[in-house]
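Summary of the model geometry
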Amino acid sequence: MTFEAVRKIALALDNVEVSTSYGTPAFKVRGALIARLRDDLGALVVRMSIDDRQELIAADPQTYFITDHYLNYPWILVNLARVHPDAMRDLLRAAWRSAASEKKGTRGTKGRARGGKLDR
């Protein structure tokens, strides 16, 4: 999957804007980061609860991974060369819901997609 394809998915979500984070292309909703490019790793960093992240990494460690830097933070790295477009869409929707609820001062989605599970 290309970053341009990721951009199209992200910008289809309400109030998502192109931005930067640590000097890399990123997407934010109302100022809250939902994803950013890690071109050096061939990956997209996506907002996600640590519990959901562990499930995805266990299921497909070649597509989903983290580095030591992200161990204690609610983010996952997604291998752009391996991720299916539908999975990326679900990941970005879940990240969008998490960021949108955070900005509203509510919690509850914890990075889950349709039906309480991440669709892959």
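Going by the structure above, here's the rest.
Anyway, here's the lowdown on the structure attached to this text. Source: prediction; values computed, not measured. (Residues numbered from 1 in each chain as written. Predicted model: local features only at pLDDT ≥ 70, side-chain atom pairs only at ≥ 80, totals over all residues. Heavy atoms only, no water.)

This brings us to the nonpolar core. In this structure, L44, M88 and L92 are the most contacted members of the largest nonpolar core, which totals 27 residues. Those elements giving two or more residues to this core turn out to be helix 1 (3-11), strand 2 (24-29), strand 3 (32-38), strand 4 (43-47), strand 6 (75-79) and helix 3 (85-103). Examining the composition of this core, we find that six residues originate from one element, helix 3, more than from any other. Sequence-distant contacts of L92, that is, excluding residues within four places in its chain, are made with V6, I9, A10, L13, A35 and L44. Core analysis: the second largest hydrophobic core is formed by seven residues, L33, Y70, W75 and L77 among them. (Core = buried A, V, L, I, M, F, W, Y, C linked by side-chain atoms within 4.5 Å. Buried < 20%, exposed > 50% of the residue type's maximum accessible area, 1.4 Å probe, protein only. Helix = DSSP H or I, 4+ residues; strand = E, 2+ residues; numbered from the N terminus. Contact = heavy atoms within 4.5 Å.)

The next thing to look at is the sheet that holds strand 4. Hydrogen bonds between backbone atoms are what pair the strands of a sheet, whose relative direction is either parallel or antiparallel. The six strands are arranged 1-2-3-4-6-5 in an open sheet whose pairing can be described as antiparallel. The open sheet has two edge strands, strand 1 (16-21) and strand 5 (64-65), and neither has a second partner. Looking at chain direction, strand 3 and strand 4 are connected through four bridges and run antiparallel. Within strand 4, the position partnered with A35 by the bridge is V46. (Pairing = 2+ DSSP bridges.)

With that settled, consider the pattern of salt bridges. With the rule as written, the count across this model stands at five salt bridges. E4 is paired through a salt bridge with R7; the nearest N and O atoms lie 3.2 Å apart. Here E4 and its partner R7 are both found in helix 1, three residues apart, which amounts to about one turn of the helix. For E4, a relative accessible area of 42% translates into the label partly exposed. Of the residues examined, R7 reaches a relative accessible area of 24% and is grouped as partly exposed. (Salt bridge = Lys/Arg side-chain N within 4 Å of Asp/Glu carboxyl O.)

Moving on to the side chain of S21. Within the secondary structure layout, S21 lies in strand 1. When near neighbours in sequence (up to four residues on either side) are disregarded, S21 contacts A26, L33 and R36.

This part covers helix 1. Among all positions of helix 1, only F3, V6, I9 and A10 are buried. For helix 1, the angular spread of the buried residues around the axis is 115°, confining them to a single face. (Arc of directions from axis to C-beta.)

Applying the stated criterion across every chain, the model contains one aromatic pair. For the pair F3 and F27, a centre-to-centre distance of 5.5 Å together with 25° between the ring planes defines the contact as stacked. With F3 in helix 1 and F27 in strand 2, this residue pair connects regions lying 24 residues apart in the sequence. For the pair shown, F3 and F27 are each scored as buried. (Phe/Tyr/Trp six-rings, centres within 6.5 Å; stacked < 30°, edge-to-face > 60°.)

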